[in-house]
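Close look at the chain arrangement
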Amino acid sequence: MARLILASSSPRRQEILKSLRASFEIITSNADESVDCNMPPEEIVMTLAERKAQTVAKENHDAFVIGADTIVVYNDRILGKPADRDDAKQMLMMLSGNTHSVFTGTCILHGNDKEIFYEKTEVSFWELAEAEIDRYIRTGEPLDKAGSYGIQGYGAILVKSIHGDFYSVVGLPVAKLYRALKKMGYPT
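Residues numbered from 1 in each chain as written. Predicted model: local features only at pLDDT ≥ 70, side-chain atom pairs only at ≥ 80, totals over all residues. Heavy atoms only, no water.

Things to note about the overall build of the protein chain
Formally: Helix and strand assignments come from DSSP, with helices taken as H or I runs of at least 4 residues and strands as E runs of at least 2, each series counted from the N terminus. Using C-alpha atoms as the atom set, the radius of gyration is obtained and then compared with a globule rule of 2.2 Å times the number of residues to the power 0.38. Burial classification: accessible surface area is computed with a 1.4 Å probe over protein chains only, and a residue below 20% of its type maximum counts as buried, one above 50% as exposed, and the rest as partly exposed. Lys and Arg are tallied as positive, Asp and Glu as negative. Neither His nor the chain termini are counted. Charge positions are represented by NZ for Lys, CZ for Arg, CG for Asp and CD for Glu.
Helices and strands together make up the secondary structure of the protein chain, namely six helices and seven strands. A compact globule built from 188 residues would reach a C-alpha radius of gyration of about 16 Å, and the protein chain, at 17 Å, matches this within 12%. Over its C-alpha atoms, taken along the principal directions, the protein chain stretches across nearly 50 × 35 × 25 Å. Buried residues in the protein chain amount to 49% of all 188 residues. Put simply, the protein chain has 22 plus and 26 minus side-chain charges, and the middle of one group is 5 Å from the middle of the other.

Overview of the confidence of the model for the protein chain
What counts is decided by this rule: pLDDT: the predictor's confidence for each residue, scored from 0 to 100.
For the protein chain, per-residue confidence averages 94 on the pLDDT scale, and residues scoring 70 or more make up 100% of the total. When mean pLDDT is compared element by element in the protein chain, strand S7 (residues 159–163) scores highest at 98, while helix H1 (residues 11–18) scores lowest at 92.

Description of the packing of helix H3 (residues 85–95) against helix H4 (residues 130–138)
Applicable threshold: Only the contacting stretch of a helix is used when fitting its axis, a line to C-alpha atoms as for every element, and angles between N-to-C directions run 0 to 180 degrees. Any angle that falls under 35 degrees is termed roughly parallel, while one over 145 is termed roughly antiparallel, one within 65 to 115 roughly perpendicular, and all others oblique. Two helices that cross are described as forming a left-handed crossing if the nearer one is turned anticlockwise from the farther one by less than a right angle, and a right-handed crossing if clockwise. Whether two residues are in contact is decided by their heavy atoms, any of which lying within 4.5 Å being enough. Residue polarity is assigned by list, with Asp, Glu, Lys and Arg as charged and Ala, Val, Leu, Ile, Met, Phe, Trp, Tyr, Cys and Pro as nonpolar; anything else, Gly included, falls into the polar class.
At their nearest, the axes of H3 and H4 sit 10 Å apart, and the two run at 135° to each other. The orientation of H3 relative to H4 falls into the category oblique. Here the hand of the crossing between H3 and H4 comes out right-handed. Residues Arg 85, Ala 88, Lys 89, Leu 92 and Met 93 of H3 form the contact with H4, whose own contacting residues are Glu 130, Ile 133, Asp 134, Tyr 136, Ile 137 and Arg 138. Of the residues assigned to the contact of H3 with H4, the class counts are six nonpolar, no polar and five charged.

With respect to the pattern of salt bridges
The line we're drawing: Salt bridges are defined by distance alone: a side-chain nitrogen of Lys or Arg within 4 Å of a carboxyl oxygen of Asp or Glu.
Using the criterion set out here, one finds 13 salt bridges in the structure. Across the pair Asp 144 and Arg 12 runs a salt bridge whose closest N-O atoms are separated by 4.0 Å. Taken together, the residues Asp 144 in the loop between H4 and S7 and Arg 12 in helix H1 connect sequence positions 132 residues apart. Of the residues examined, Asp 144 reaches a relative accessible area of 37% and is grouped as partly exposed. The shortest N-O distance in the salt bridge between Asp 134 and Lys 89 comes to 3.0 Å. Highlighted residues: Asp 134 in helix H4 and Lys 89 in helix H3, separated in sequence by 45 residues.

A short note on the nonpolar core
Operational definition: Remark: nonpolar core denotes a set of buried residues (Ala, Val, Leu, Ile, Met, Phe, Trp, Tyr, Cys) joined through side-chain atoms within 4.5 Å.
Among the nonpolar cores identified, the biggest contains 38 residues, and Ile 66, Leu 92, Ile 108, Phe 125, Tyr 149 and Leu 181 are the most heavily contacted of them. With residues near it in sequence (within four places) discarded, Leu 92 still touches Phe 125, Leu 128, Ile 133, Tyr 136, Ile 137, Gly 147, Ser 148, Tyr 149 and Leu 158.

As for helix H6 (residues 174–183)
Side chains that are three or four residues apart share a direction in an α-helix, a result of its 3.6 residues per turn. The cut-off we apply is this: When we speak of the arc, we mean the arc of directions from the helix axis to the C-beta atoms.
The set of residues buried in H6 consists of Val 174, Leu 177, Ala 180 and Leu 181. The arc that holds the buried residues of H6, viewed along the axis, is 120°, so those residues lie on one side. Residues of H6 that are exposed and point over 90 degrees away from its buried face: Arg 179, Lys 182 and Lys 183. Elements in contact with the buried residues of H6: strand S1 (4–6), H1, strand S3 (64–74), strand S5 (99–110), strand S6 (113–125) and helix H5 (166–170). Backbone geometry just after H6 places Gly 185 at a positive phi near 95°.

Here's the deal with the environment of Ile 66
Its location among the elements puts Ile 66 in strand S3. Beyond its immediate sequence surroundings of up to four residues, Ile 66 is in contact with Leu 4, Ile 5, Leu 6, Ala 7, Leu 17, Ala 53, Thr 106, Cys 107, Ile 108, Leu 172, Leu 177 and Leu 181.

Structure (structure tokens):
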């Protein structure tokens, strides 16, 4: 049986990967996540996804290793995880009533084979009142999410529309991942 490894401790990515009905292991990558912020967003997420996969694949050469990275971009500014509640509020106020892009890069390594790709999804927010933003921040949900929101949780009420892959916004474009694994010979 072919081994499948997710190089991520993200509970959201783990839940998405479970939808493939494949057994997999979780080995957290300790890859360096520093990048040149002048790189295009798609290059940033693919670089980090590959770096995460490589870190785990070094010790698991026979396995199919999946690395992923997600960033939120608004007005050419990368919005990572907020530093604190004030930072989360600032990000959410910026996103209020506007459309931003979510980029997720995915890399699969198996032996000497590699598949790497990204998805870009456009997400539009409703115009949000300050009280709504404060209430959302009090849930604690935004504090460990890029862009300060989780579309799959309570943060769904902030979203007016989405154009692209929902699962990519959550952190793993599962349909494209499935096809890439199949192309690489993983028994689907």
